[in-house]
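Observations on chain architecture
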Amino acid sequence: MKATRYEGNKSFSVIEKEIEAPSEGEVRIKVAYSGVCGTDVHIYHGMMDQRVDIPVTIGHEMSGVIDAIGAGVTDFGVGDKVVVRPLDDRGVKPSDKGFNHVCEDLKFIGIDSPGSMQQYWNVPAFTLHKLKEETDLKLAALIEPLSVAVHDVRLSGLVSGETAVVLGGGPIGLLVAMVAKDAGANVIISEVNPVRISKAKELGFDAVNPTEIDLVQYVREQTDGRLADVVFEVAGVQPALDIMTEVAGIRGRIVMVAIHGQPKPVNLFKFFWKELKLIGARVYEKEDYEKAIALITANELPFEDMITDVQPLSNIQEVFENIDKNPNGLKVLMDCQQ
Ligand SMILES: NC(=O)c1ccc[n+]([C@@H]2O[C@H](COP(=O)([O-])OP(=O)(O)OC[C@H]3O[C@@H](n4cnc5c(N)ncnc54)[C@H](O)[C@@H]3O)[C@@H](O)[C@H]2O)c1
Ligand SMILES: [Zn+2]
């Protein structure tokens, strides 16, 4: 079988190795597609060299078909289409209060242990979600990032008729926007990249550039002065932190989706003045995966337009180099059987 490995120093190798039998409690998946996530790009840039065990096979946004079953696995069979929820919560403790997805000793599969950018992948059966036979495996590779969006919208408490402002129209921001719109929200996307603004418009969104228009004034006009009920911070930059407290209306909820690696200034006065709420959101829980699977199975949202390229696994080096050269694409999928 073919497997890719991040070797450090912005380089990947593609190696041939033996296909391994799944251990007890595991299944072997014939991986169909593995999406490239922003985190994978961070790993490629060497920003997570302290955390990953180089050389390492990365990848966690995937779809595939079960190819072999280890001892003791009863809920799944060979030929089942599946996705992996890449959270290894075997170290969960009572002090984690049952929130396994953010437990102290959580291991993220595909970062802390080998991932899906290989032809066959052995994973613990408890990470699996079964898909319907008719599910499109390309779209299914979006289930992991879509589950992030479902989780974010669920934690926001968004209800139909509310106005949601999404700061950042990258892959995650667009998925958040789709889920929020599907939940009945009026969605405004704020994005600075003109190509991504056009893409958001093509997807049917009201998308504006906050460096060209006064975003707060725009949202005020769209809401009869009420401003946003929910703000999703999905850009991960200081200007988004500056504007999130401005664009939120009274008792607005701000969901922190972006990962800010360093402490940053936020206008806390606005939390007092408008009784704002700040909600942290990290990955997903089982129910978010189930909702994302239902959305992908129904295929009524423009998921296909999210996939901007599909490349053979053997092109992995070129794929990451191209992502650096062209930041406009949304989701690149690796075809793991090629
Ligand atoms: N909470 C979680 O569990 C979770 C999971 C996945 C990703 N994330 C985080 O979500 C964030 C978004 O992920 P992504 O893959 O879509 O990243 P991305 O970098 O592709 O998207 C961010 C977008 O924000 C835009 N942007 C930059 N400055 C802006 C500004 N001032 N106003 C509005 N938009 C601006 C960029 O042009 C870009 O399109 C990242 O911080 C990522 O780490 C969090
Ligand atoms: Zn990811």
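Residues numbered from 1 in each chain as written. Chains lettered and ligands numbered in written order. Predicted model: local features only at pLDDT ≥ 70, side-chain atom pairs only at ≥ 80, totals over all residues. Heavy atoms only, no water.

A few points about the packing of helix α3 (residues 143-156) against helix α4 (residues 171-182)
Formally: Comment: axis = line fitted to C-alpha atoms, over the contacting stretch for helices; angle = value between 0 and 180 degrees taken between N-to-C directions. Labels follow the DSSP assignment, with helices taken as runs of H or I lasting at least four residues and strands as runs of E lasting at least two, numbered in each case from the N terminus. Any angle from 65 to 115 degrees is called roughly perpendicular, while one under 35 is roughly parallel, one over 145 is roughly antiparallel, and all others are oblique. Note on convention: near helix rotated counterclockwise from far helix by under a right angle means a left-handed crossing. Clockwise means right-handed. Whether two residues are in contact is decided by their heavy atoms, any of which lying within 4.5 Å being enough.
Relative orientation of the contacting elements α3 and α4 amounts to 55°, with a least axis distance of 8 Å. For the element pair α3 / α4, the angle class is oblique. α4 is crossed by α3, and the crossing has right-handed handedness. Across the interface between the two elements, Pro145, Leu146, Val148, Ala149, Val150, Asp152 and Val153 of α3 pack against Ile172, Leu175, Val176, Val179 and Ala180 of α4.

A word on the domain arrangement of the protein chain
Here is the rule we go by: An automatic or database domain assignment provides the domain bounds reported here. Two parts placed together each lose some accessible area under a 1.4 Å probe, and the buried area is that loss summed for both. In what follows, salt bridge is the name for a side-chain nitrogen of Lys or Arg lying within 4 Å of a carboxyl oxygen of Asp or Glu. We define a polar contact as two N or O atoms separated by no more than 3.5 Å, with the added condition that, inside protein, one atom must be a possible hydrogen donor and the other a possible acceptor, whereas residues neighbouring each other in sequence contribute only through side-chain atom pairs.
Considered domain by domain, the protein chain is made up of domain 1 (2-136 + 299-335) and domain 2 (149-280). Using only C-alpha atoms to locate each centre, domain 1 and domain 2 end up separated by 29 Å. Contacts between the two partners involve 12 residues from domain 1 and, on the opposite side, 13 residues from domain 2. In total, domain 1 and domain 2 occlude about 1000 Å² of area from one another, counting both sides; carbon and sulfur atoms represent 71% of this. Its largest share of buried area at the contact with domain 2, domain 1 owes to Met306, Asn328 and Leu330, together 47% of the area lost on that side. Inspection of the region where domain 1 meets domain 2 yields 0 salt bridges. For the interface between domain 1 and domain 2, the tally reads 4 residue pairs in polar contact (both at pLDDT 80 or more).

Examining the packing of α3 against helix α9 (residues 286-298)
Formally: Ten residue types, Ala, Val, Leu, Ile, Met, Phe, Trp, Tyr, Cys and Pro, are classed as nonpolar, four, Asp, Glu, Lys and Arg, as charged, and the remainder, Gly among them, as polar.
Following both chains from N to C, one finds α3 and α9 inclined at 115°, their axes separated by 8 Å at the closest point. When you trace α3 past α9, the crossing you get is right-handed. Of α9, the residues touching α3 (which contributes Ile143, Glu144, Leu146, Ser147, Val150, His151 and Arg154) are Glu287, Asp288, Tyr289, Lys291, Ala292, Ile293, Leu295 and Ile296. Here the residues of the contact of α3 with α9 are counted per class, giving 8 nonpolar, 2 polar and 5 charged.

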